[in-house]
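Below, each chain spelled out in residue letters.
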Amino acid sequence: ASTHGEGPFIAAIDQGTTSSRCIVFDKDGRIVAVDQKEHEQIFPKPGWVEHDAAEIWTNVQQVVAGALEQAGITKADVKALGITNQRETTLLWDKATGEPVHNALVWQDTRTDTLCRELGRNVGQDRFRRETGLPLASYFSGPKIRWLLDNVDGLRERAERGELLFGTMDSWVIWNLTGGPDGGRHVTDVTNASRTMLMNLHSMSWDEKICQSMGVPMSLLPEIRSSAEVYGEAKGELAGVPVASALGDQQAALFGQTCFSEGEAKSTYGTGTFLLLNTGHEAVNSYNGLLTTVGYRIGDEQPVYALEGAIAVTGSLVQWMRDQMGLISTAAEIETLASSVEDNGGAYFVPAFSGLFAPYWRDDARGVIAGLTRYVTKAHLARAVLEATAWQTREIVDAMQKDSGVELTALKVDGGMTSNNLLMQTMSDFLDAPVVRPMVAETTCLGAAYAAGLAVGFWSDVDELRANWKRAAEWTPDMDAADRDREYKNWLKAVQRTMGWIE
Ligand code: G3P
């Protein structure tokens, strides 16, 4: 049935910020079939972002069925199922009925900014950084759980009675896949757990003291497992298929890009952008606004850590231009529009829609467009939108170099926005380094598939996976150094204008 040999295959589910998808891969890591479905973005108030987790679970089931159908295969051809997901997005559900008790609070949601400031009062934003690798910011899950328990009627009592479960989307999907109220496995993996602000990075277990300070009952929390092992067998449509990996989407992309050695890095361009550098078995502290996080852990091997630069808004700025501003009708049009002018016409767009993430971590920032004159057209703005992604990457790369002392020789990129040639060229120009894209740009799903395949012996080791990585495209710098410096200075000036907007 498939054009890629007889199988067997590995299927991966990517439960992302804007959509859920399922991809079927063959033994060479090639894509056999893809199905994808978007879900609703719910914006109840400025800065708030929610998802309906029941809708997401329905979509996940549909895309799995859709991908298998497209591949012309049945569950018997699927050796294992891997899971990857938008990280930090926080859900509480009823253990007995499987019903979410509230919409999921999405990672972009800023409603916990005051709570985070209170938690950091007198001690500062780095109160839990030594244990968790993270600064106090509205991005992470712990404060979101606390917000739900404090603000939704009856939830704290129900939590204390042991009726509720917490999970990021990996836990939600795995619990449902493995039976839901009927014996579902309540687990998460080390990468996802490392984004809750509740896990101790060094012991890889929930930190009792932090849970207490954060007001989160530990009975809510899933069991922390490795990223590649069999958590259980699926029930329902996929009955019997081992559910064998879970990785936060950015860590999955690191895995899919086969960045298995210390010093290897990738940057993924989706809703946001996330640059991860493999730091080996050492959790490296950041002094320049990066996050220390778990890269992955294969079974009972030693964990691999990463330094991460997280940018909240990149692809979602293009979506905003399309959906909220109506300046383009498809995301791809941004490139055509931006290419119709030579430069940004003096305009700089800093999309601090969820505050500023790395390297600033300012919940009080909001977006600005700076440098406007009558001269500026929507084409210049389109250009400024793309440049925003490239400059934000440059800031992360600068921070990474300061923290690690390693000069960037080339950047491995992936994700939806990497099909934008103008953006890739701009990135190479702003970084003054080559930008390289692999043949399979769907590295997030690929990483989850790789981890699941390793767990069940479909692939024997990471060297076998490395051999699958093939270069598809490369962009090299072509910008005058003086122009670059001037533009970077203007960008940094515009960034300063976003801060302190929320009192
Ligand atoms: O930390 C948030 C990140 O995991 C979301 O990724 O690709 O769904 O925007 P994405």
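Read on for an overview of the structure. Everything quoted here is computed from the prediction, not taken from an experiment. (Residues numbered from 1 in each chain as written. Predicted model: local features only at pLDDT ≥ 70, side-chain atom pairs only at ≥ 80, totals over all residues. Heavy atoms only, no water.)

### Details of the overall build of the chain
- Within the chain, the secondary structure is distributed over 16 helices and 23 strands.
- Considering only C-alpha atoms, the chain reaches an extent of 60 × 55 × 45 Å along its principal axes.
- For the chain, the residues scored as buried account for 62% of the 503 residues in total.
- In the chain, the share of contacts with a sequence separation of at least 24, taken over all contacts with a separation of at least 6, comes to 71%.
- Element-wise, carbon and sulfur atoms account for 47% of the exposed surface of the chain, whose accessible area totals about 19,000 Å².
- Here the chain carries 45 positive and 67 negative side-chain charges, and the mean point of each set is 3 Å from the other. (Helix = DSSP H or I, 4+ residues; strand = E, 2+ residues; numbered from the N terminus. Buried < 20%, exposed > 50% of the residue type's maximum accessible area, 1.4 Å probe, protein only. Contact = heavy atoms within 4.5 Å. Areas by Shrake-Rupley, 256 points an atom, 1.4 Å probe, with all protein chains shown as cover. Lys, Arg positive; Asp, Glu negative; His and termini not counted. Charge placed at Lys NZ, Arg CZ, Asp CG, Glu CD.)

### Some points on the nonpolar core
- If you look at the biggest cluster of nonpolar residues, it comprises 112 residues, and the most contacted ones within it are Leu92, Tyr139, Leu198, Leu220 and Trp361.
- With 13 residues, the single largest contributor to this core is helix H12 (residues 378-404).
- Membership of the second largest hydrophobic core comes to 37 residues, among which are Ala71, Tyr231, Ala234 and Leu238. (Core = buried A, V, L, I, M, F, W, Y, C linked by side-chain atoms within 4.5 Å.)

### Overview of helix H13 (residues 421-431)
- Within H13, nine of the eleven residues are buried, leaving the element largely enclosed by the surrounding structure.
- By the burial criterion, the buried members of H13 are Leu422, Leu423, Met424, Thr426, Met427, Ser428, Asp429, Phe430 and Leu431.
- With a side-chain oxygen lying 3.2 Å from the backbone nitrogen of Leu422, the N-terminal cap of H13 falls on Asn420. (Polar contact = N/O pair within 3.5 Å; in protein donor to acceptor, adjacent residues only side chain to side chain.)

### Here's the deal with the site of the ligand
- As a structural note, the neighbourhood of the ligand is formed by Gly16, Thr17, Gln86, Arg87, Glu88, Trp107, Tyr139, Asp249, Gln250, Thr271, Gly272 and Phe274.
- Within the side chain of Thr17, a nitrogen or oxygen atom sits 2.5 Å from an oxygen atom of the ligand.
- A distance of 3.4 Å is found between an oxygen atom of the ligand and a side-chain nitrogen or oxygen belonging to Gln250.
- The site holding the ligand turns out to be the largest pocket.
- Split into classes, the residues belonging to the shell around the ligand amount to three nonpolar, six polar and three charged. (Near = heavy atom within 4 Å. 1 Å grid on protein atoms, 1.4 Å probe; cavity = no way out; pocket = protein on both sides within 12 Å on 5 of 7 lines; lining within 4 Å. Sits in = over half its atoms within 2 Å of the grid points. Nonpolar A, V, L, I, M, F, W, Y, C, P; charged D, E, K, R; others polar.)

### Observations concerning the layout of surface pockets
- There is about 920 Å³ of room inside the largest pocket.
- In terms of lining, the largest pocket is formed by 39 residues, of which the most central are Arg21, Tyr269, Gly270, Thr271 and Gly416.
- Elements with a minimum of two residues in the lining of the largest pocket: strand S2 (19-25), strand S3 (31-38), helix H9 (249-256), strand S15 (265-269), helix H10 (315-323), helix H11 (333-339) and helix H14 (443-455).
- The dominant element in the lining of the largest pocket, judged by the number of residues it contributes, is H10, at four residues.
- By residue class, the composition of the lining of the largest pocket is ten nonpolar, 19 polar and ten charged.
- What the second largest pocket holds in volume is close to 680 Å³.
- Lining the second largest pocket are 28 residues, with Phe43, Val49, Trp320, Gln324 and Phe353 positioned closest to its centre.
- Considering only residue class, the lining of the second largest pocket consists of nine nonpolar, twelve polar and seven charged. (Points joined across faces, edges and corners; volume = space filled by probe spheres on them.)

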